[in-house]
Structures are given as C-alpha cells and as structure tokens.
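# Examination of the molecular architecture
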Amino acid sequence: MEVNLISSSNLPEGSIFSVRAGNVRRQAPFTSTKPFRFPEHPAESPLKIELFQPVGSAYVVLRPGETQYKVNFPTGGAVAELHIRPVEGGGNAAEPQQEKEDSSETAKEAKEYLESHRVMQFVQALLQTLIKEKPADPFRYMSRHFTNGYEPNEKRAPVPSNLIEEPKVGADAPLDSSEVQSLRQKARDTFVQAQNTGTLDTALRNKAAQPEGRTTTVKPATEAETEKLRKQAQDTEATHAKARRAFEAALLDDEEVDTK
C-alpha cells in the first residue's frame, strides 16, 4: 500500500506528518514528496494520521566498539541515554522513511561555517599527526588534542604576565590605511597653513630662542654678544629653511606616489 500527501495547508512550520497502518508507522516532514509505503493493509482497518512538531534534535556519532551514548538536546536541558547494538537480520528490518536534510544547508554554507571556525584546519592537522604516530587508542589520542593535551580536570600552569597580550585600544591600536591617509592629509594642511600665515617661522624662532627647561635673567647685551646672537639666529633660520624645503619635497613625493 502507498500513501501520498498531495496537498496541505495551515500546517505549522517544521511539522512531521505521520501515517500509521496497524503496527507500522511511517513519518516524514510534511514538505517531503516521497510516498509512505506499507505492507498490505486490510481495507476495514483505518489509517491513523498524526501531526508532530519536533521540540529538539541532536546527532549521535557511532564509535566502533561502543554501545552506550549520551544525547544532550540544545533546548530545555533535555538529556537522553541510548544503548545501541547490532542485531541479526537488522538489514531486513522495516526502515522508516529517512528525513531529508534541510535543503537550506547547502555545501557552500557548510564550507563557510567550517572555515570561519577553522574546523577543517584543526581536523586535518589532527589526522596528520594520528597517521604519523599511529597510537593504540586513536580515539583517546584525538580527545586529548581536543583539550589541548590536558586531562579534563587537570590544572594548568599560570602564564607569566609578560606573555599575556592585551588587546590594543586607543592610541596604541594600529591604524588602517584610510586613517593613515586622513592623518597625512591633515598634517599637510596644517603645515601649509602655518607656512602661509608665518606661524611656522615664528614658532621655530621662539623654539630656538627659548631652550626647554631653562630660565635666564635678561640683562643688557654687549655689541659683541648682540652680533653673536644675530649670527646664531641667521644660522638657525637657514637651518629651518633647509628643513622646511626638505619637508615640502617629501610631501610632494608622497602626493606623486598617491596619485599613481
């Protein structure tokens, strides 16, 4: 006997459509297009149609030689323990219709997820070391690497404070290219404005005439001292003019590089 769901309406999203004929039940998402197949069923016996909604789901990865597993569901703290063992004639047992994987979980999305969490890099490295060392208990070997080599309750040695890197914030944080370019442009504009208004020359002269951290008592200067100071001022001005020309040349070079 074959039962096909040909139309449905107002069914909650994610609902499971179930059909029971006698002692045999078949179920699948209501969006499935596969038929429900049963052994021959007496016409006088009614079919029981039920609608279910899943409250949680989890996967169990079967490990060779293991028979007992604990399942932790992500909702409501639900937990279940299973005992799984092979039975004779298991291949001939009636198989319920398999739930199809959600079509939205495409290969591209799966790849992006694995790459974003660096799962593939870790698993590949783990398998490489597993093949090289060939431990007697490969599963215990792999579980140790999942905990960074530590036992579950093993205490870790404290890391010296000088080895702990704190995240850089504020002025210590690295600047991206757009921020660097903006700062360079502001520096150019400030320099040109100071040059045009004479503020730069005034600041340089004041800096040369007033050494930092030193206070002096002003007294009348002799003619020789005056001439010496005048000569120093001329030398200082010449030095500043040379530095200003070099700085302007560097700015022009930067502008030429930026426009290329």
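This write-up is about the structure you can find in this document.

The secondary structure content of the chain amounts to six helices and seven strands. Written out in order from the N terminus, the α and β elements of the chain read β-β-β-β-β-β-β-α-α-α-α-α-α. For the chain, buried positions account for 12% of its 260 residues. The contacts of the chain with a sequence gap of at least 6 include a subset with a gap of at least 24, amounting to 46%. Carbon together with sulfur atoms contributes 54% to the accessible area of the chain, which is approximately 22,100 Å² in total.

A separate point is the side chain of Glu50. When you line up the elements, Glu50 lands in strand 5 (residues 48–52). Side chain to side chain, Glu50 and Arg25 meet in a polar contact 2.5 Å long. What Glu50 contacts, discounting residues up to four positions off in sequence, is Ile16, Phe17, Ser18 and Arg25.

Turning to the pairing of strand 6 (residues 68–72), a few remarks are in order. Side chains Tyr69 and Val71 of strand 6 all project onto a buried face; the interleaved residues Gln68, Lys70 and Asn72 project onto a face where none is buried. Alignment of strand 6 against strand 7 (residues 79–83), held across five bridges, turns out to be antiparallel. Bridge pairing in strand 7 links Val71 to Ala80. Linking strand 6 to strand 7, which pair antiparallel, is a turn of six residues; within it Gly76 sits at a positive phi near 70°.

Pairing in this open sheet of three strands is antiparallel, and the strands run 3-2-5 from one edge to the other. Of all strands in the sheet, those bounded by a partner on one side alone are strand 3 (24–29) and strand 5. For this sheet, the mean inter-axis angle between neighbouring strands, taken without regard to orientation, is 20°. Two elements, strand 2 (residues 16–21) and strand 5, share five bridges in a ladder whose sense is antiparallel. Across the sheet, Ser18 pairs through a bridge with Glu50, a residue of strand 5.

It is worth spelling out the packing of helix 2 (residues 119–133) against helix 3 (residues 138–146) at this point. In contact at an axis separation of 11 Å, helix 2 and helix 3 are set at 140° when each is read in the N-to-C sense. Between helix 2 and helix 3, the angle is such that the two are oblique. Here the hand of the crossing between helix 2 and helix 3 comes out right-handed. Together, Phe122, Leu126, Thr129, Leu130 and Glu133 of helix 2 and Pro138, Tyr141, Met142, His145 and Phe146 of helix 3 make up the contact between the two elements. Within the contact of helix 2 with helix 3, the residues separate by chemical class into seven nonpolar, two polar and one charged.

Quick look at the nonpolar core now. With eight residues, the main nonpolar core is built from Val3, Phe17, Val19, Ala21, Ala28, Phe30, Phe36 and Phe38. Counting residues per element, this core draws most heavily on strand 2, which supplies three residues. When residues no more than four places from it in sequence are discounted, the contact partners of Val19 are Val24, Arg25, Arg26, Phe36, Phe38, Lys48 and Ile49.

With that settled, the discussion passes to the environment of Ser116. For Ser116, the location among the structural elements is in helix 1 (residues 107–116). For Ser116, a relative accessible area of 53% translates into the label exposed. Within polar-contact distance, the side chain of Ser116 engages the backbone oxygen of Tyr113 at 2.8 Å.

With that settled, consider unusual backbone geometry. Positive phi outside glycine occurs at Arg118, with the angle close to 55°. You will see that Asn148, though not glycine, has its phi angle at about 60°, which is positive. Relative to the elements of secondary structure, Asn148 occurs in the loop between helix 3 and helix 4 (177–197).

Another point: helix 2. Helical geometry: 3.6 residues make up each α-helical turn, so side chains three or four residues apart lie on a common side. Taking 1.5 Å per residue, 15 residues should reach 21 Å; helix 2 reaches 21 Å between its end C-alpha atoms and fits that length. Positive backbone phi, at 50°, marks Lys134, one or two positions downstream of helix 2.

Our focus in this paragraph is the environment of Gly14. Turning to its location among the elements, Gly14 is positioned in the loop between strand 1 (2–3) and strand 2. Counting along the chain gives 16 residues from Gly14 to Phe30, while the straight-line C-alpha distance between them is 7.7 Å. Beyond its immediate stretch of four places on either side in the chain, Gly14 contacts Phe30 and Pro54.

Thresholds, definitions, all that
- Residues numbered from 1 in each chain as written.
- Predicted model: local features only at pLDDT ≥ 70, side-chain atom pairs only at ≥ 80, totals over all residues.
- Heavy atoms only, no water.
- Helix = DSSP H or I, 4+ residues; strand = E, 2+ residues; numbered from the N terminus.
- Buried < 20%, exposed > 50% of the residue type's maximum accessible area, 1.4 Å probe, protein only.
- Contact = heavy atoms within 4.5 Å.
- Areas by Shrake-Rupley, 256 points an atom, 1.4 Å probe, with all protein chains shown as cover.
- Polar contact = N/O pair within 3.5 Å; in protein donor to acceptor, adjacent residues only side chain to side chain.
- Pairing = 2+ DSSP bridges.
- Axes fitted to C-alpha atoms, helices over the stretch in contact; angles between N-to-C directions.
- Parallel < 35°, antiparallel > 145°, perpendicular 65-115°, else oblique.
- Left-handed = near helix turned anticlockwise from the far one by under 90°.
- Nonpolar A, V, L, I, M, F, W, Y, C, P; charged D, E, K, R; others polar.
- Core = buried A, V, L, I, M, F, W, Y, C linked by side-chain atoms within 4.5 Å.
- Expected span 1.5 Å × (residues − 1).

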